[in-house]
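# An overview of the molecular structure
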Amino acid sequence: WRQVVAQSPLKVTELTQPNPYISNWEALSTLISRGRSFSGRERHCAFLNTAGNGFANMSASTGLDLIDDGRGLAVTDWDGDGDLDLWMTQRNGPRIRFVRNDLASSNHFLSCTLIGDSCNRDAIGARVKVVTTKERTQIRTVRAGDSFLSQSSKTLHFGLLPGEEILSLQVTWPGQHLPEFIELRETGHHYRITQGTGMAGL
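Scope of this entry: the structure provided in the associated data block. (Residues numbered from 1 in each chain as written. Predicted model: local features only at pLDDT ≥ 70, side-chain atom pairs only at ≥ 80, totals over all residues. Heavy atoms only, no water.)

Another point: the overall build of the protein chain. The helix and strand inventory of the protein chain stands at two helices and 13 strands. Relative to the 2.2 N^0.38 estimate, which gives 17 Å for 202 residues, the radius of gyration of the protein chain is 22 Å and therefore markedly larger than a compact globule would have. Referenced to the eigenvectors of the C-alpha coordinate spread, the extents of the protein chain come out at roughly 65 × 45 × 35 Å. Out of the 202 residues in the protein chain, the part that is buried amounts to 27%. A fraction of 45% describes how many contacts in the protein chain between residues 6 or more apart in sequence connect residues 24 or more apart. (Helix = DSSP H or I, 4+ residues; strand = E, 2+ residues; numbered from the N terminus. Rg over C-alpha atoms; globule rule 2.2 N^0.38 Å. Buried < 20%, exposed > 50% of the residue type's maximum accessible area, 1.4 Å probe, protein only. Contact = heavy atoms within 4.5 Å.)

Below, the structure is given as structure tokens:
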């Protein structure tokens, strides 16, 4: 058997001529405008890391198992309350959806925005390592895009358990091999860290 796939036009002039590629896109746009699903009404999924025992499907209990034909996901502490919220984009309506995390918890957090000096100002590529009193280590990297069609906040978020404190916070800036140790006053705040200062400001 032989599979025939409509090829993308190689020249601009081909866009004005009868072309299976253009016809397919027009048909797809028509279906979507009529409320049809782009991916078979595939539900969103959310999984819980069970710390070494695999992942548990928490889609239904989180309320995220929506039939939205989701495409993009941005994660950020939008309301500034110390937990992470979600912005999602869909092929179908609603085209954008905000999911606010209102789960009651005794956990706390630390978040920081990095400002580069000798590296790029957004500190893209910087890595932050946090070591805590619970013998845990968390590592976050500042990225310029972290999933399909998505860019989450460049603010790095670290979730902390009740009573968990920071033993050390290290930043390895782009282009540097040795980390810079940052002095912190307390958790539960959003900090701004400027390269080379060794300090975290509120």
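According to the stated counting rule, one finds four salt bridges in the structure shown. Residues Arg 43 and Asp 65 are paired through a salt bridge, measuring 4.0 Å at the closest nitrogen-oxygen approach. Taken together, the residues span a long stretch of sequence, with Arg 43 in the loop between helix H1 (20–33) and strand E1 (47–49) and Asp 65 in the loop between helix H2 (59–62) and strand E3 (70–76) at a distance of 22 residues. By relative accessible area, which is 46% here, Arg 43 ends up partly exposed. Assessed through its relative accessible area of 22%, Asp 65 is described here as partly exposed. The closest approach of N and O atoms between Arg 100 and Asp 102, which form a salt bridge, is 3.1 Å. Grouping residues by exposure puts Arg 100 and Asp 102 together as exposed. (Salt bridge = Lys/Arg side-chain N within 4 Å of Asp/Glu carboxyl O.)

If you trace the four strands from one edge of the open sheet to the other, you get E9-E6-E12-E13, paired in mixed fashion. The open sheet has two free edges, formed respectively by strand E9 (156–160) and strand E13 (200–201), since each of these has just one partner strand. Pairing of strand E12 (residues 190–194) with E13 involves two bridges; the strand directions are antiparallel. The residue of E13 that forms the bridge with Arg 192 is Gly 201. (Pairing = 2+ DSSP bridges.)

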